[in-house]
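Architecture at a glance
Single-letter residue listing:
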Amino acid sequence: MSVRNDWTLAEVEELFDLPFMDLVFKAHQVHRLFQAPNTVQISTLLSIKTGACPEDCAYCPQSVRFDTGLEVSELLELEEVAVRARAARDAGATRFCMGAAYRSPKPKDLRKVVAMIRAVKDLGLETCATLGMVTPDQALELKAAGLDFYNHNLDTSSRYYEKIISTRTYQDRLDTLQAVRDAGINVCCGGIVGMGENPQDRVELLHTLATLPEHPQSVPINQLVRVAGTPLANAAALDPFDFVRMIAVARILMPASHVRLSAGRAEMNDELQALCFMAGANSIFYGEKLLTTGNPDTQHDQDLFRRLKIRAGSPRAESPHAESRSDGAAPTARGAGSFSHAPGASVAS
Ligand code: SAM
Ligand code: DTB
Ligand code: SF4
């Protein structure tokens, strides 16, 4: 089996239509061919600039247009970011993701973010940033600073997107992804489920991601966090099995990518999260806060990993230049911090 960028919509639909067990079984088989089993990569998020965003993304508590009671904050100082990154590293994170509520960064802000990227890299962490739209020149500046990943989500299908965001187009997003890819930065791109989209929108989102010129190296699948004051505050709850299906189809379509079980974990029980790992999720956000909303308690996550004998994985597995793991062997664990677990939990089992 090889990595394909020529999936058809019909093929993606067929995967979603499989009986649940057949789909999860197939996804797990693909997972074992391409990824280190029982290994989950740990990222920590920090909101470096919070709220007052001019965009109107209907899901987002940070838009200036919705009254969500959010405490707004300007771009953090370098020292504070470094302190938070060190703490994340010491707790076992291998990647530090800095998020800013920008439509696109202004030159003076980008200069400050560049200094943050350098400082975080100096701590031995992988760096990720999500700053909204960037131009090809800005992407090159970020690359020169040593940025490893840029997160920019497509969020949903191009059709449904227009119901969710009016202040920038789907093509704007694709252009940013191209700028990032062309600059040689790893792309982190996924979406949100539970926004009232229909099953075909999920098919189309994953089809778009899986037919990009290169698969995003990281694919975050977020379950909508329904925040009071946003237009989607009362969106209908998602069937948890539909969330697992999304993970499983992403795993099959983009076998060499890390699929991240992202926002929404605070509302998921342990059994559902385990099912997501079975279906091919192999990355999480760790730490008690995402950007502005809650995430599971860190002790709870450590306990969950221990109970499932999952280990914190090496960041190297995600590099597009990393050797293929078709033998199913796990890369060497690094930075496992508080996630180390009892001997005997073989990662290559
Ligand atoms: N402003 C930048 C942008 O939009 O690209 C970066 C920050 S933005 C908060 C990053 C991503 O978080 C969004 O693209 C969206 O996918 C996700 N997100 C935001 N609010 C969310 C929510 N309530 N539930 C789930 N995901 C959410
Ligand atoms: C992504 O796909 N999910 C993260 C990260 N990329 C930046 C953000 C989730 C945000 C959830 C709502 C909040 O905490 O504000
Ligand atoms: Fe702004 Fe990003 Fe939130 Fe949209 S998702 S309102 S661009 S912070």
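For the structure given in this document, a descriptive report is provided here. The residue count restarts for each chain, going from 1 along the sequence in the order it is written. Chains carry letters and ligands carry numbers; both start at the beginning, A for chains and 1 for ligands, and go up in the order they are written. A pLDDT threshold of at least 70 governs which residues receive local features in this predicted model, and a stricter bar of 80 or more applies before side-chain atom pairs are shown or counted, although totals over entire chains, interfaces and linings include all residues. As a convention, hydrogens and water are excluded, and side-chain values are obtained from all of the structure's heavy atoms.

On to the site of ligand 1, then. Lining the immediate environment of ligand 1, one finds 17 residues, of which Tyr59, Asn153, Asp155, Arg168 and Val225 sit closest. Contact with the protein chains hides 91% of the accessible area of ligand 1, taken as 550 Å² for the molecule alone. The nonpolar class holds Ala, Val, Leu, Ile, Met, Phe, Trp, Tyr, Cys and Pro. Asp, Glu, Lys and Arg form the charged class, and all remaining residues, Gly among them, are polar. Residues belonging to the shell around ligand 1 are distributed by class as follows: eight nonpolar, seven polar and two charged. If a single non-hydrogen atom of a residue is within 4 Å of a molecule or strand, that residue counts as near it. Method for areas: the Shrake-Rupley scheme with a 1.4 Å probe, in which residue coverage is limited to the protein chains shown.

The next subject is unusual backbone geometry. Notably, Asn38 is not glycine yet its phi reads approximately 55°, a positive angle. Looking at Asn38, the relative accessible area reads 24%, which means it is partly exposed. Of note, Lys309 is a non-glycine position whose phi angle comes to about 55°, a positive value. Tracing the backbone shows Lys309 in the loop between α11 (298-308) and β10 (311-312). Under the scheme applied here, a residue whose accessible area is under 20% of the maximum for its type counts as buried, over 50% as exposed, and between as partly exposed, the area being computed with a 1.4 Å probe on protein chains only. Helix and strand definitions follow DSSP, with helices as H or I runs of at least four residues and strands as E runs of at least two, each counted in order from the N terminus.

Right, let's get into the site of ligand 2. Residues in close proximity to ligand 2 include Leu45, Pro61, Thr130, Asn151, Asn153, Pro220, Asn222, Phe285, Leu290, Leu291, Thr292 and Thr293, which together make up its full environment. Contacts described as polar in this section are N or O atom pairs within 3.5 Å, which, within protein, must combine one atom able to donate a hydrogen with one able to accept it, while residues neighboring in sequence count only if both atoms come from side chains. A distance of 3.0 Å separates an oxygen atom of ligand 2 from a polar backbone atom of Leu291. A distance of 2.8 Å is found between an oxygen atom of ligand 2 and a side-chain nitrogen or oxygen belonging to Thr293. Burial of ligand 2 by the protein amounts to 88% of the accessible area it has alone, namely 400 Å². Its residues assigned to classes, the shell around ligand 2 comprises six nonpolar, six polar and no charged.

Our next topic: the packing of helix α10 (residues 270-278) against α11. Fitted lines through C-alpha atoms give the axes, limited to the stretch in contact for helices. The angle between two N-to-C directions lies from 0 to 180 degrees. Axis separation between α10 and α11 bottoms out at 11 Å; the angle between their running directions is 60°. As judged from the angle between their axes, α10 and α11 are oblique. Every pair of crossing elements has a handedness; the one defined by α10 and α11 is right-handed. Contact residues: α10 offers Asp270, Gln273, Ala274 and Phe277, while α11 offers His300, Leu304, Phe305, Arg307 and Leu308. Its residues assigned to classes, the contact of α10 with α11 shows five nonpolar, two polar and two charged. Note that the term roughly parallel is reserved for angles under 35 degrees, roughly antiparallel for angles over 145, roughly perpendicular for angles of 65 to 115, and oblique for everything else. Handedness of a crossing follows from how the near helix is turned relative to the far one, being left-handed for an anticlockwise turn of less than a right angle and right-handed for a clockwise one. Here a residue-residue contact requires only that any non-hydrogen atoms of the pair lie within 4.5 Å.

This part takes up the pattern of salt bridges. Salt bridges are identified by distance alone: a Lys or Arg side-chain nitrogen within 4 Å of an Asp or Glu carboxyl oxygen. In total, this model carries 17 salt bridges according to the counting rule given. A salt bridge links Asp242 to Arg202; its shortest N-O distance comes to 3.8 Å. One end of the pair, Asp242, is in helix α9 (residues 240-253); the other, Arg202, is in helix α8 (residues 199-210), with 40 residues separating them in the sequence. By relative accessible area, which is 26% here, Asp242 ends up partly exposed. Its relative accessible area of 11% is what places Arg202 among the buried residues.

Scope: geometric values only; no functional claims are made or implied.
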